[in-house]
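# Secondary and tertiary structure notes
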Amino acid sequence: MGYRREMELKCALLGSLFYTLIVLLYSGSFSFGVAQAQSATLNVDASSKSARVMPDTLFGIFFEEINHAGAGGLWAELVNNRGFEAGGKNTPSIIDPWVQIGDSSKIIMSTDRTSTFKRNEVALKMEVLCDINDKSNSCPSQGVGVYNPGFWGMNIELGKVYNVVLYIMSVDSVDLSVSLTSSDGSLNLAQHPIKAHAHQFSSWTKVEFKLKAKVTNSNSRLQITTSKRGTIWLDQVSVMPSDTFKGHGFRKDLAAMLADIKPRFLRFPGGSYSQGGRLMNAFRWKSTVGPWEQRPGHFNDVWNYWTDDGLGFFEFLQLAEDLGALPVWVIHNGISLNDQINPSSLPSFVEDILDGIEFARGDAHSTWGSVRAQMGHPKPFKLSFISIGNQECWNSDYKANYLKFYTAIKSAYPDIKVVTNCDGSIGPLDHPADFYDIHVYTNTSDMFSKAQLFDKTSRNGPKAFVSEYAAIGKDAGKGTLVAALAEAGFLMGLERNSDIVEMASCAPLFVNDNDHGFDPDAIVFNSNMQFGTPSYWIQHFFKYSSSAIYHPSAIQASNYPSLLASALTWENTDSKKKYLQLKILNYGSEVVPLNMSISGLETKISSNGGIKTVLTSGKLSDENSFQEPKKVIPVATKLSKAGAKMSDMIAPYSLTSFDLLIDGKNLRSII
């Protein structure tokens, strides 16, 4: 048994003991104890007559470029501002976070517009004044040049290989050293020399090589130095780990966490990010495709940082495919947060979106499909959902704009499902749509109450897409237990109302710990570590709900108004084994003795084929952290006596799942 696996088992055992301790402590804190507490009863009708198939896209994920989720996060590029474009097109410009090595008597740095790339013209010019052979102005021992710290430090790991690309031009011979070093430059982790005669770099030349790390350092930087007098231009400097998720450029540990919750769709590239604070800074898909060197990048003026657009339209489509999820594209409808296009310009925006759909779905020989094919994906992507804008229904021009996009999309691609921003849950829509978008951000107590949000919603007309939800506010902190449990109650309500709710995803998905622009989030990370908040772990309880069979259930618990339940049958697509899942949320402070009764089941439950999984903790305010990444995580244990009738103690403030094997002997935890 490996050390890591041994520690995981020990953590699981400690978690199980901790859960038992919680039940005993809570039961002992009330005057009559558990033995005298009134029982609750859960009745489940598992008959085929009352069953209902849930949507196959019920739960997915929503990615927004917020909190450095992509730039410096999911997208594995280690260099920040790799094309020197972040300072704007007017030169000379700032080059943050690049930093000069050497004082102005040794080197002068500036930007100019000499780049070989038409869409990103800015390049870095280094005039080296010192020389190792000049006693009057000798270069320092480490040389002069420039370094890039990445996004709050680069994570460089022993034995790992990193792909380096940079473009060089020089009027002189070149003698450069490209290295990965510690944050202060004192420790060399990997190094590569570049030596050439003047004529070899007289015009822009692409240089590629690999660096293999000799040391691990999670706060590293990239250095480009020289000790030779001359003038050198640099542009489009990239360092990418060679080992990424499915080889497509995504940071492996973060993408794996997404894959683990089995999302059925990926909504992208964001909400407000897709709009832009201003039109000039909106996400424009055509600027994010093609070779990465040719992408101009843009300023994310909603969340206030630069992105090189390495994570572009193509990469989002690729990520969805890699995760086995359907892409949901949030398009720009001509309305940004602070300005909008003149209606006379709308036809060009509509045409732009049709071009984007052709890029995703068109034949490899079509105008835009051929661009996709040249990027390495000749087969079309499965783009079948388009969301027209983000939260602009209040705008007086939204519906007019929407109808132009809707008509054009449906005319060219009648199978595409179109999402409107106008809320159809409060009354009939006055325009056609397949789905209506609704966002739910509220405090924890109100989030729990929204388990009934769709109970009385009309079943006629378009279905709901809850594209963004989160429990927020003081109680939610940066991702507390109580926030996660409140969201679990909301999601159980969505399961119950999945005849009208088609899709749902939480927000935000990621946060770089150095840029908490919005809290709480599902996944927290820095350069080398990551952990899931309780809200992330809650999603594991729902990852098999899409395509599952929903069964009506009823709780008789007059003394426990904060008790919710749901029941469904799901299938393990690998083993083809079926499980009956009972989820019970106790959003109250008392231990609940629960009797469970299942009727109408047409297949027997394996008596020793069951798993109980519980998520709880000692305090409602408990959060996970880098120091305690598994403080609040689900704990799974085998059930010794599973059957159509069972009894158990449901811990206070907990989510409990019973997964009962009903077809075979194999066991599989939901985690």
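Scope of this entry: the structure provided in the associated data block. (Residues numbered from 1 in each chain as written. Predicted model: local features only at pLDDT ≥ 70, side-chain atom pairs only at ≥ 80, totals over all residues. Heavy atoms only, no water.)

### Examining empty space enclosed by the protein
Counted according to the given criterion, the structure contains 7 cavities of 30 Å³ or more. Its boundaries defined by the atoms lining it, the largest cavity holds a volume of some 120 Å³. Class assignment for the residues of the lining of the largest cavity results in 9 nonpolar, 5 polar and 3 charged. Taken as a whole, the second largest cavity holds about 90 Å³ of empty space. Along its surface, the second largest cavity is lined by 13 residues, and Ala71, Trp75, Glu77, Asp308 and Gly310 are the ones closest to its centre. Looking at the lining of the second largest cavity, its residues break down into 4 nonpolar, 4 polar and 5 charged. (1 Å grid on protein atoms, 1.4 Å probe; cavity = no way out; pocket = protein on both sides within 12 Å on 5 of 7 lines; lining within 4 Å. Points joined across faces, edges and corners; volume = space filled by probe spheres on them. Nonpolar A, V, L, I, M, F, W, Y, C, P; charged D, E, K, R; others polar.)

### A look at the nonpolar core
With 114 residues, the main nonpolar core has Trp329, Val466 and Phe510 as its most contacted residues. Take this core: its biggest share by element is 11 residues, from helix 10 (residues 481-496). Residues Val79, Met109, Leu180 and Val239 belong to the second largest nonpolar core, which totals 40 residues. (Core = buried A, V, L, I, M, F, W, Y, C linked by side-chain atoms within 4.5 Å. Buried < 20%, exposed > 50% of the residue type's maximum accessible area, 1.4 Å probe, protein only. Helix = DSSP H or I, 4+ residues; strand = E, 2+ residues; numbered from the N terminus.)

### Let's talk about the sheet that holds strand 18 (residues 326-331)
Strands sit in the order 3-15-18-19-20-21-22-23 across an open sheet of 8 strands; the sheet is parallel. Edge positions in the sheet fall to strand 3 (61-62) and strand 23 (501-504), since each of these pairs with one other strand and no more. Lying on the sheet, helix 10 is in contact with strand 21 (435-442), strand 22 (463-471) and strand 23; it crosses strand 22 at an angle near 170°. (Pairing = 2+ DSSP bridges. Contact = heavy atoms within 4.5 Å. Axes fitted to C-alpha atoms, helices over the stretch in contact; angles between N-to-C directions.)

### Some words on the pairing of strand 23
The side chains of a regular strand alternate, residue by residue, between the two faces of the sheet. Sheet analysis places strand 22 next to strand 23, joined by 3 bridges and oriented parallel. Residue pairing across strands places alanine 464 opposite valine 501, the latter belonging to strand 23. Between strand 22 and its parallel partner strand 23, the chain crosses via helix 10, and the hand of that crossover is right-handed. (Right-handed = clockwise from strand over helix to strand, strands pointing away.)

### Thoughts on the pairing of strand 29 (residues 563-571)
Burial analysis of strand 29 places 8 of its 9 residues in the buried class, the great majority of the element. As judged from the 3 bridges shared by strand 27 (residues 549-551) and strand 29, these two strands associate in the antiparallel manner. Within strand 29, the position partnered with histidine 551 by the bridge is alanine 567. Bridge analysis of strand 29 against strand 30 (residues 578-586) gives 9 bridges, and the strand direction is antiparallel. Paired with leucine 563 across the strands is asparagine 586, a residue of strand 30. Between strand 29 and strand 30, which follow one another and run antiparallel, lie 6 residues, and lysine 576 among them has a positive phi close to 65°.

### Some details on the state of the cysteines
Across all of its chains, the model carries 2 disulfides by this definition. One disulfide bridge connects cysteine 130 with cysteine 139, the sulfur atoms lying 2.0 Å from each other. Across the disulfide from cysteine 130 to cysteine 139, rotation about the S-S bond amounts to roughly 95°, and the bridge is consequently right-handed. For the pair shown, cysteine 130 and cysteine 139 are each scored as buried. Between the sulfur atoms of cysteine 393 and its disulfide mate cysteine 422 the distance is 2.0 Å. Taking the sign of the S-S torsion, 100° for the link of cysteine 393 and cysteine 422, the bridge is right-handed. Taken together, the residues span a long stretch of sequence, with cysteine 393 in the loop between strand 19 (385-388) and helix 8 (398-412) and cysteine 422 in the loop between strand 20 (417-420) and strand 21 at a distance of 29 residues. (Disulfide = S-S within 2.5 Å.)

### Description of the layout of surface pockets
As a volume, the second largest pocket reaches approximately 700 Å³. In terms of lining, the second largest pocket is formed by 33 residues, of which the most central are Ser547, Ala548, Thr569, Trp570 and Glu571. For the lining of the second largest pocket, the elements supplying multiple residues, two or more each, are strand 27 and strand 29. Of all the elements, strand 29 adds the most residues to the lining of the second largest pocket, at 3 residues. A breakdown of the residues in the lining of the second largest pocket according to their chemical character gives 12 nonpolar, 11 polar and 10 charged.

### With respect to the packing of aromatic side chains
To describe a pair of aromatic rings, you give the distance between the ring centres and the angle between the ring planes. As enumerated under the stated definition, the model contains 30 aromatic pairs in all. A centroid spacing of 5.6 Å and a plane angle of 75° characterise the contact between phenylalanine 59 and phenylalanine 542, whose relative ring orientation is edge-to-face. Residue phenylalanine 59 is located in the loop between strand 2 (52-53) and strand 3, and its partner phenylalanine 542 is located in the loop between helix 11 (534-540) and strand 27; the two are separated by 483 residues in the primary sequence. There is no split in this pair, since phenylalanine 59 and phenylalanine 542 are both buried. A ring pair is formed by tyrosine 273 and phenylalanine 283, whose centres lie 5.9 Å apart and whose planes are at 50°; its orientation type is tilted. Residue tyrosine 273 is located in helix 4 (residues 272-275), and its partner phenylalanine 283 is located in the loop between helix 4 and strand 16 (298-300); the two are separated by 10 residues in the primary sequence. For the pair shown, tyrosine 273 and phenylalanine 283 are each scored as buried. We note arginine 267 situated over the ring of phenylalanine 62; from NZ or CZ to the ring centre the distance is 4.4 Å. (Phe/Tyr/Trp six-rings, centres within 6.5 Å; stacked < 30°, edge-to-face > 60°. Lys NZ or Arg CZ within 6 Å of the ring centre and 35° of its normal.)

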